[in-house]
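Structural features, examined
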Amino acid sequence: MMNQTWWKEAVVYQIYPRSFQDTSGNGVGDLRGIIERLDHVKALGVDVIWLSPVYESPNDDNGYDIADYRAIMAEFGTMADFDELLNGIHTRGMKLIMDLVANHTSDEHAWFEESRAAKDNDKRDYYIWKPGVEGPDGVMHPPTNWGSFFSGPAWEFDAATGEYYLHLFTRKQPDLNWENPAVRKEIADVVEFWLEKGVDGFRMDVISLISKRGYTDTPHEQFNDTIANVYANGPRVHEFLQELYKNVISKYDVMTVGEGPGIDLNEGPSYVHEDRGELNMIFHFGHMFMDQGPGGKFDPVPIDFRRFKEVFVEWDQAMADGGWNSVFLCNHDFPRAVSRFGNDGPYWKESATLLATLLMTMRGTPYVYQGEEIGMTNVAFDAIDDYRDVETLNAYNEQVLEGGRDAGDFMRAVHIMGRDNVRTPMQWDDSARAGFCAEDVEPWIDLNPNYDRINVAAQMDDPESIFAYYKKAIAFRKAHKGLVYNDVDVWTLEDEQLFCFLRPGTTNGAKNGFDSYAVLLNMSDEPAEVLLPGRIILSEHLFSNLSNQSTKPTTTSSMTLMSWEASIWKYHGN
Ligand code: ISL
């Protein structure tokens, strides 16, 4: 039986502060806005809030470029606001985890300003500087052929000292040099600073990238292969994480989740296994990168549903022995879950609630991204000028302006994949600015025009709403611990429509004290017939997302699920 702890049983809610609630009148969400909306978050029944970065930042990448790890971004408020927010979260019985972005800083961080000033500056080795190489043409080139995550080369020439610095993300996000013990000490001090303030843990941004493998050209044409084989899982990553855990994190009862581009099934457990003293869980990208075509992020391909199920199964199995998974369908970097994995047209409500059921019935800690609880959808702005995300804008410059790609074709890809799909303001009500900011204020990014239909106020008092369903599904998970800890046994891997799994209340054949659950999901627009495994009998219908659900108790071997029906049963047998 797995060890039981609070962070395995917790449900997490992610807040992207820029887009949550403006109170100061600048069109940008802020900390006081989160304070005002804490009762909404509490009403959902979640335990932990993950707050995307709120530190001082020039916002080249919306706060993922930190200029001061110990200061609050002025647009978001003050440290006093932060303290009040933390207190408000704690008094409601919830916890707060911060976003630790420590692979890189902003180029406006004081460390980088010093580092770039002179080759003999104390802080020179805080970052990764290399001389250029002279090509056969006699022209100076970057040290390697590496590309950045956000288009263009990963090296930037800096005239002050005539060398290049590494930036795996934008040129305003120079990578820190974790080989330097002074850098690791600085980061450990930052972590300690926030833990001493009373925060309850961290989500660690691109933690798989902190140890570099050396600086040779990547042989790969596809960027995701470069991430996996050249950038991620460097030789000292586990040592660095163990050091941070041992020196700081282990002294507090907190949770950690590492974000891990390039972490595969083999590497995953080594970051989180309970004997390793590193992290509690990671976000893997098995299901987040699966709809990228050969051209990468802005070359979308349809979701392969069988592969989607396999990803869940493989990761569950990989973590079954002493590891732990996070379960998420969306965050601030990927499209809206209902638009991507559901059907945000005719089956909007059914598919959004089915996805909620999947989140709350898988093994692993579930993460809900703001707006998911009301079924917020992708947005399709016509003009590139309506977009704000540096990833989208850089890709537009590279692919359309420089590369000659058809602008309409690129925009269609942005509508499917762009990160601004999830960054439009939270839709609180149907007033002119959806309650996100005052009506005479321009929000930093336009609203999704469907806010008149999809908003919190419209769902709050409706027992049939997506919001009401999230509340019920979260409460249901918390009341049925077998959904947290039991094994996962999927029996419809080949099926084109169904994702059905058992959560047996047995561990290695012996009863584990929890009930056994069967979760039946029809992830398609057509009805589907479920053939039940012969060895089980569905004994009690517990939960469904449709009001006209298939509640017929059955001792037979099959049942029919309506389009996007989700149905949870207690079962007997093994
Ligand atoms: O969104 C992605 C690409 O489209 C991902 O590859 C993403 O860049 C990657 O998962 C890293 O994301 C994290 O670090 C970035 C930041 O922009 C993201 O918001 C953050 O979640 C750099 O700090």
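This text follows the structure it describes.
Keep in mind it's a predicted model, so treat the numbers as computed, not measured.

As a further point, take the overall build of the protein. In terms of helices and strands, the protein carries 17 helices and 26 strands. For 574 residues, the compact-globule estimate of 2.2 N^0.38 gives 25 Å, and the protein sits close to it at 24 Å. Projected onto its principal axes, the C-alpha coordinates of the protein cover approximately 75 × 55 × 50 Å. For the protein, the residues scored as buried account for 60% of the 574 residues in total. Considering only contacts within the protein whose residues lie at least 6 apart along the sequence, 71% involve residues at least 24 apart. When the accessible area of the protein is evaluated, it comes to approximately 21100 Å², of which 47% is carbon and sulfur surface.

Phe82, Met98, Phe308 and Phe499 are the most contacted members of the largest nonpolar core, which has 154 residues in total. With 8 residues, the single largest contributor to this core is helix H12 (residues 348-361). Not counting the four nearest positions on each side in its chain, Phe308 is found in contact with His287, Met290, Ile303, Leu329, Phe341, Leu358, Phe499 and Met523. Judged by nonpolar contacts, the second largest core, of 17 residues, contains Ile128, Phe169, Val230 and Val390.

Before going further, it helps to examine the side chain of Lys123. With respect to the helices, strands and loops of the structure, Lys123 is situated in the loop between helix H5 (110-117) and strand E6 (129-130). The charged side chain of Lys123 is buried without a salt bridge, its nearest counter-charge being Glu114 at 4.2 Å. Contact partners of Lys123, with chain neighbours within four places excluded, come to Trp111, Glu114, Ser115 and Glu186.

Another point: the sheet that holds strand E5 (residues 95-100). The strands making up a sheet are joined through hydrogen bonds of the backbone, oriented either antiparallel or parallel. The 8 strands lie next to each other as E13-E12-E11-E5-E2-E1-E17-E16, forming an open sheet whose pairing is parallel. The strands lining the two open edges of the sheet, one partner per strand, are strand E13 (281-283) and strand E16 (326-328). Within the sheet, the average angular offset between the axes of one strand and its neighbour, ignoring direction, is 25 degrees. H12 contacts E16 and strand E17 (365-369) of the sheet and is inclined by roughly 145 degrees relative to E17.

So, on to helix H14 (residues 407-417). For H14, the set of buried residues is Phe410, Met411, Ala413, Val414 and Met417. Projected down its long axis, H14 shows its buried positions confined to an angular sector of 160 degrees, all on one face. On the buried face of H14, the contacting elements are strand E14 (292-293), strand E15 (296-300) and helix H13 (390-402). Between the side-chain oxygen of the N-cap and the backbone nitrogen of Gly408 there are 3.2 Å, and the N-cap of H14 in question is Asp406.

Let us now look at the environment of Gly138. Along the chain, Gly138 turns up in the loop between strand E7 (133-134) and strand E8 (140-141). Each C-alpha atom of the pair Gly138 and Thr492 lies 60 Å from the other, and the pair is 354 residues apart in sequence.

Glancing now at helix H7 (residues 223-231). Think of an α-helix as 3.6 residues a turn; residues three or four steps apart then line up on the same face. Residues of H7 that are buried: Thr226, Ile227, Val230 and Tyr231. Around the axis of H7, the buried residues are gathered within 115 degrees of arc, so they sit on the same side. Of the residues one or two after H7, Asn233 is the one with positive phi, at around 60 degrees.

The next point concerns the packing of aromatic side chains. If you walk through the whole model with that rule in mind, you get 44 aromatic pairs. On the basis of an interplanar angle of 40 degrees and a centroid distance of 5.0 Å, the ring pair of Phe308 and Phe341 is categorised as tilted. One end of the pair, Phe308, is in helix H10 (residues 305-319); the other, Phe341, is in the loop between helix H11 (337-340) and H12, with 33 residues separating them in the sequence. For Phe308, a relative accessible area of 1% corresponds to the buried category. Since its relative accessible area comes to 7%, Phe341 is described here as buried.

What follows covers the site of the ligand. Close to the ligand lie 19 residues; Asp61, Glu259, Lys297, Asp333 and Glu391 are nearest. Between the ligand and the protein, one listed contact pairs an oxygen atom with a side-chain N or O atom of Glu259 at 2.7 Å. Contacts to the ligand include Lys297, whose side-chain N or O atom sits 2.6 Å from an oxygen atom. In isolation the ligand exposes 500 Å². Once the protein is present, 98% of that is buried. Along the lines of polarity and charge, the residues of the shell around the ligand split into 7 nonpolar, 3 polar and 9 charged. Each of domain 1 (11-101 + 330-379 + 424-479) and domain 3 (181-324) contributes no fewer than three residues to the shell around the ligand.

Moving on to a negative patch on the surface. Among the surface-exposed residues, Glu113, Glu114, Asp120 and Asp122 lie close enough to one another that they form a single negatively charged patch. Residue placement: Asp120 occurs in the loop between H5 and E6. Residue classification places Asp120 among the exposed residues on the basis of a relative accessible area of 69%.

Within the fold, Glu163 resides in strand E10 (residues 163-166). The class for Glu163 is buried, based on a relative accessible area of 13%. With near-sequence residues (within four places) excluded, Glu163 lies in contact with Lys119, Arg124, Trp129, Lys130, Pro131, Glu156, Phe157 and Asp158.

At a closest axis distance of 11 Å, the pairing of H13 and H14 adopts a crossing angle of 155 degrees. Judged by the angle between their axes, H13 and H14 are roughly antiparallel. By crossing handedness, the relation of H13 to H14 is classed as right-handed. Residues Thr392, Ala395, Tyr396, Gln399 and Val400 of H13 touch H14, and the partners they reach there are Ala407, Phe410 and Val414. For the contact of H13 with H14, a count of residues per class yields 6 nonpolar, 2 polar and no charged.

Basis of the calculations
Residues numbered from 1 in each chain as written. Predicted model: local features only at pLDDT ≥ 70, side-chain atom pairs only at ≥ 80, totals over all residues. Heavy atoms only, no water. Helix = DSSP H or I, 4+ residues; strand = E, 2+ residues; numbered from the N terminus. Rg over C-alpha atoms; globule rule 2.2 N^0.38 Å. Buried < 20%, exposed > 50% of the residue type's maximum accessible area, 1.4 Å probe, protein only. Contact = heavy atoms within 4.5 Å. Areas by Shrake-Rupley, 256 points an atom, 1.4 Å probe, with all protein chains shown as cover. Core = buried A, V, L, I, M, F, W, Y, C linked by side-chain atoms within 4.5 Å. Lys, Arg positive; Asp, Glu negative; His and termini not counted. Salt bridge = Lys/Arg side-chain N within 4 Å of Asp/Glu carboxyl O. Pairing = 2+ DSSP bridges. Axes fitted to C-alpha atoms, helices over the stretch in contact; angles between N-to-C directions. Arc of directions from axis to C-beta. Polar contact = N/O pair within 3.5 Å; in protein donor to acceptor, adjacent residues only side chain to side chain. Phe/Tyr/Trp six-rings, centres within 6.5 Å; stacked < 30°, edge-to-face > 60°. Near = heavy atom within 4 Å. Nonpolar A, V, L, I, M, F, W, Y, C, P; charged D, E, K, R; others polar. Domains from an automatic or database assignment. Patch = residues over 30% accessible without salt bridge, like charges linked within 9 Å, V, L, I, M, F, W, Y side chains within 5 Å. Charge placed at Lys NZ, Arg CZ, Asp CG, Glu CD. Parallel < 35°, antiparallel > 145°, perpendicular 65-115°, else oblique. Left-handed = near helix turned anticlockwise from the far one by under 90°.

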